[in-house]
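Coordinate analysis (summary)
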Amino acid sequence: MSEAPLLAVPLLSVTGLGKRFGGFIALDNIELTVGTGERLGLIGPNGSGKSTLVNCLCGTLHNETGSVRFDGQKLDGLVTHQRTRLGLARSFQLPRPFHTLSLVDNLRVPLTFTVNARPGHRLSAAQTDARCHELLHQVGLADKARRLPRDLTQVEMRKLELARAVATQPRLLFADEAMAGLSPAEVEEIIAVLLRLNEEGITIVLIEHIMRAVMSFSTRLIVLVAGHKIADGLPQEVMANPEVERAYLGE
Amino acid sequence: MRNGSFWIAAAGFGIAFVALSRVLFTNEYYFFAAYVVLQYIVLSTAWNILGGYTGYINFGTGAFFAIGAYSSAVLHKMPALTEAWFGIATPPIPLPVMILIGGIVSGVLGLGTGYLTLRLRGVFFAIATLALTVVVQTLIVNWDYVGGSRGIYIIRPADAPLGGGYIQYLYTLMLVLAVISVGIARTIERSRLGLGFAAIRDDELAAEAGGVPTLRLKLIATTLSGALMGMAGAPLPYYVTYLDPTSSFNLAYAVNSVAMPVIGGMTSWVGPVIGAILLGTIQQLGSVGFFLDLNIPPTFNLLIVGLLLILFVIIAPNGIVGLVTAHRRKRAGALAAVAARRAA
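Below, the structure is looked at part by part. (Residues numbered from 1 in each chain as written. Chains lettered and ligands numbered in written order. Predicted model: local features only at pLDDT ≥ 70, side-chain atom pairs only at ≥ 80, totals over all residues.)

Once that is clear, we can look at the overall build of chain B. Of the regular secondary structure elements, chain B holds 16 helices and two strands. Projecting the C-alpha coordinates of chain B onto the three principal axes gives extents of approximately 90 × 50 × 40 Å. Scored against the burial criterion, the 344 residues of chain B give a buried share of 44%. Sequence separation of at least 24 residues holds for 78% of the intrachain contacts in chain B that already meet a minimum separation of 6. (Helix = DSSP H or I, 4+ residues; strand = E, 2+ residues; numbered from the N terminus. Buried ≥ 20, exposed ≤ 12 C-beta atoms within 10 Å, placed from the backbone. Contact = placed C-beta atoms within 7 Å.)

This is the structure we're talking about:
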């Protein structure tokens, strides 16, 4: 997989992206590309702009400058649901389930509004139902299909969050701190799920603080510090970079 | 029950109800009272499409309702107007057509309001709808053609189209409207649209990330909700025969159409119906002095609504429907536990 960038055109390319909140520059001139099939780790201290970057790429926030291309198509000006339909999915840092809907119906939302909204992909009601259960089965929540999100444990909630993002049949998935606050065994579980998704052909950008998880998962690392990209390369090389060390450990 | 069979059952119920009421309602007053209860079924069901399904609280029911009523008042004066302008009096417009037009006008108002205000969340949206009532009322008060603040007298046509008195005709039309709105609400609840509405209510950001076109869906909700409210208001001029801004923009419409779904239960189509029948009936009985043989002013009705509303918000925030489903779930859980113990 590390030789993935066989294609000349990257799946996602970001040029000159900038975002400010009032006088605060959250992201400054970010340049990056993501190749098809990659497992990219995006790291950086708290407040370095990781989630803001994801929000800009997914259309939740509007970047003032710069341009984003996905699969050769310009995303600028598109709202979130349009980007989702093009194949860009995300999980939220804090799980945001639809709390009055059962787990099956939680997954029925993206299937109905994304997968069935794409031309030529319409599933029948029975197929949609089957797909919901299949997705729940994949993350080990099949026996809770009729339950409400409030009946789930923290790790199950994260799995539901991932399943709901995967239900959109994305080509690129942003996993925003999918493992924060989980035990080491639970972290392994989530990594296993993400690795399997990647093998199935989904390009994944992992935003994470748990370095062990990042190092074992990523084929490439990008480091953000105070809205600037300071490193981009193979994980071992990036971690040996003195600038990264300084950002994390101080002088 | 499938959607088709529900519509047939609802229509059957409506016809049976009309037939039965012609036999049972020995006094015209019953038609007057039933009309108001039915009108509240339409209003609270319409309110719930936006407030209950998508979670946007609308305090502007009075505006949409009055726009429907005033559009009928304008249409009522149409024959006189064409005679004055062109010398030919056009035939009077039938009430069902007025209801349709009132619905369209209020629907457009709903769409416009939605477009301007749906970027606001939560309490800010509610405040904007409250302001809408004030704006629309000010416009009507200053519009002389429909009587301004003096109000306007509407003379009912001499004959009622369905036999019986004119009030029976109004009552039948309102019953049809109630059946249609409840049918629409239930159809939405079980459709793709209803799923999208529920996702918006639970978490708008997550809904959008899941591909739900939230703005478009919310506009559908405001338009539909506004249109149904306007349709409920359209026959009002013929019901009261004297239409004025103070009574047609009455606070009672806004308060009741919020209180009824809250008391009945907001997540299902049954809730607003139960709430409207319960509160509507209590208010009708109250206004004829059924409970206490005292001379209670009609404003006392709103006090009852307020007290019930507070009671329900504290004790049963999911309304009567919520109480029933919680009870059922508890029983199902207990039964499952017993079965598990037996098996073990």
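Read on, since the account is not over.
Following the sequence through the fold, B:Asn250 ends up in the loop between α12 (245-248) and α13 (251-264). Between the C-alpha atoms of B:Asn250 and B:Thr133, which are 117 residues apart in sequence, the distance is 9.9 Å.

Turning next to helix α2 (residues 28-51) of chain B. Each α-helix winds once per 3.6 residues, and so residues spaced three or four apart point in a common direction. Relative to the 34 Å expected for 24 residues at 1.5 Å per residue, α2(B) spans 34 Å between its end C-alpha atoms, a close match to the ideal helical length. Within α2(B), 18 of the 24 residues are buried, which leaves the element mostly enclosed by the surrounding structure. (Expected span 1.5 Å × (residues − 1).)

Residue and element names in this part refer to chain A. Note that strand β1 (residues 12-21) and strand β2 (residues 24-34) share seven bridges and pair antiparallel. For Lys 19, the partnering residue across the bridge sits in β2 and is Leu 27. Two successive antiparallel strands, β1 and β2, enclose a turn made up of two residues, where Gly 22 displays a positive phi of approximately 60 degrees. Pairing of β1 with strand β4 (residues 65-70), which is carried by five bridges, proceeds in the antiparallel orientation. Note that in β4 the partner of Gly 18 across the bridge is Thr 65. (Pairing = 2+ DSSP bridges.)

Next up on the list: the nonpolar core. Counting residues in each nonpolar core, the largest one holds 153 residues, and the members touching the most others are A:Leu206 and B:Leu170. With 14 residues, the single largest contributor to this core is helix α7 (residues 166-189) of chain B. Here B:Leu170 is in contact with B:Tyr35, B:Pro235, B:Tyr238 and B:Tyr239, once residues within four sequence places are set aside. (Core = buried A, V, L, I, M, F, W, Y, C linked by C-beta atoms within 7 Å.)

A few words now on the interface of chain B and chain A. Tallying the contact residues gives 17 residues for chain B and 23 residues for chain A. Of all the secondary structure elements, the ones that give two or more residues to the side of chain B that touches chain A are α8 (192-202) and α9 (204-209) of chain B. The leading source of residues in the side of chain B that touches chain A is α8(B), at six residues. Broken down by class, the residue content of the side of chain B that touches chain A amounts to nine nonpolar, four polar and four charged. (Nonpolar A, V, L, I, M, F, W, Y, C, P; charged D, E, K, R; others polar.)

The next thing to look at is the sheet that holds β1(A). Spatially, four strands are ordered β2-β1-β4-β5 (chain A) in an open sheet, and the strand pairing comes out antiparallel. Because the sheet does not close on itself, it has two edges, and the strands there are β2 and β5 (73-74) of chain A.

Moving on, we come to the environment of A:Gly18. All names here are of chain A. Positionally, Gly 18 belongs in strand β1. On a C-alpha basis, the gap between Gly 18 and Ser 67 in space is 9.2 Å, while along the polypeptide they are 49 residues apart. In contact with Gly 18, other than residues within four places in its own chain, are Leu 27, Asp 28, Asn 29, Asn 63, Glu 64, Thr 65 and Gly 66.

All right, on to the packing of helix α3 (residues 103-115) of chain A against α8(B) then. The axes of two packed helices give the description: the angle between them and the distance between them. α8(B) packs onto α3(A) with a crossing angle of 120 degrees between their chain directions and a minimal axis gap of 10 Å. Seen from above, α3(A) lies across α8(B) with left-handed handedness. Side by side, α3(A) and α8(B) meet where A:Asp105, A:Arg108, A:Val109, A:Thr112 and A:Phe113 of the first sit next to B:Arg192, B:Leu195, B:Gly196 and B:Ala199 of the second. (Axes fitted to C-alpha atoms, helices over the stretch in contact; angles between N-to-C directions. Left-handed = near helix turned anticlockwise from the far one by under 90°.)

Within a sheet, neighbouring strands are paired by backbone hydrogen bonds and run either parallel or antiparallel to one another. Residue and element names in this part refer to chain A. Pairing is mixed in the open sheet, where six strands are placed in the order β6-β7-β8-β3-β9-β10. Each edge of the open sheet carries a strand with a single partner, namely β6 (88-91) and β10 (228-233). Averaged over all pairs of adjacent strands, the angle between strand axes in this sheet comes to 15 degrees, irrespective of strand direction. Here β6 pairs with strand β7 (residues 172-176) via four bridges, running parallel. Within the sheet, the bridge partner assigned to Ala 89 lies in β7 and is Leu 173. Along the sheet, helix α1 (residues 50-58) contacts β3 (39-43), β6, β7, β8 (203-207) and β9 (220-225); its crossing angle with β7, the most-contacted strand, is approximately 150 degrees.

Residues and elements named next belong to chain B. One way to put it is that helix α3 (residues 61-76) packs onto helix α10 (residues 214-233) with a least axis distance of 6 Å and a crossing angle of 55 degrees. Classed by the angle they form, the pair α3 and α10 counts as oblique. Crossing geometry of α3 relative to α10 is assigned as right-handed. Seen from α3, the contacting residues are Thr 61, Phe 64, Phe 65, Ala 66, Ile 67, Gly 68 and Ala 69; seen from α10, they are Gly 226, Met 229, Gly 230, Met 231, Ala 232 and Gly 233. Looking at the contact of α3 with α10, its residues break down into eight nonpolar, five polar and no charged. (Parallel < 35°, antiparallel > 145°, perpendicular 65-115°, else oblique.)

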